[in-house]
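Geometric and topological summary
Each chain, letter by letter, is given below.
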Amino acid sequence: MNIKVNKCRIPRKTPFVTSQARQDNVNAVIIQINDGEHTGIGETSPRSHINGQTLESSYNDAVDWAYSITDPLKASYNTLPTSTRMGIESALLDLKSQQ
């Protein structure tokens, strides 16, 4: 299995402003899990004012997880922060749905 973790920051044309924060960019961590035939893709949406994660912390958590496992389909990810866990689970479910 091959796991890729990438971060992306896309500038917004117009900032998104709420009472809690202003977002000038869309931040995401993209997780791809490839079994040699299929690729599952998941995305995290780190928001420090909502889930306590930043783009960097979510990226680092996903990379650390990817390096610490041998089989993503059998590995635990339940102790990871919510945003990172969601991205990994989405990638695994996407991969599983293609098999």
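Computed from a predicted model, the values in this text were never measured in an experiment.

A side chain of one charge can pair with a side chain of the opposite charge when the charged atoms of the two come close. Considering all chains together, one arrives at 2 salt bridges under this definition. We note a salt bridge from Glu-56 to Lys-7, for which the minimum N-O separation is 2.7 Å. Of this pair, Glu-56 sits in helix H1 (residues 55-68) while Lys-7 is found in strand E1 (residues 2-17), placing the two residues 49 residues apart along the sequence. Judged by its relative accessible area of 37%, Lys-7 is partly exposed. Note that Arg-22 and Asp-24 form a salt bridge whose closest N and O atoms lie 2.9 Å from each other.

Relative to the elements of secondary structure, Asn-27 occurs in strand E2 (residues 22-34). You can call Asn-27 buried: its relative accessible area is 17%. A polar side-chain atom of Asn-27 sits 3.0 Å from a polar atom in the side chain of Arg-9. When sequence neighbours within four positions are dropped, the list of residues in contact with Asn-27 reads Cys-8, Arg-9, Thr-44, Ser-45, Pro-46, Arg-47 and Leu-55.

About the thresholds
Residues numbered from 1 in each chain as written. Predicted model: local features only at pLDDT ≥ 70, side-chain atom pairs only at ≥ 80, totals over all residues. Heavy atoms only, no water. Salt bridge = Lys/Arg side-chain N within 4 Å of Asp/Glu carboxyl O. Helix = DSSP H or I, 4+ residues; strand = E, 2+ residues; numbered from the N terminus. Buried < 20%, exposed > 50% of the residue type's maximum accessible area, 1.4 Å probe, protein only. Polar contact = N/O pair within 3.5 Å; in protein donor to acceptor, adjacent residues only side chain to side chain. Contact = heavy atoms within 4.5 Å.

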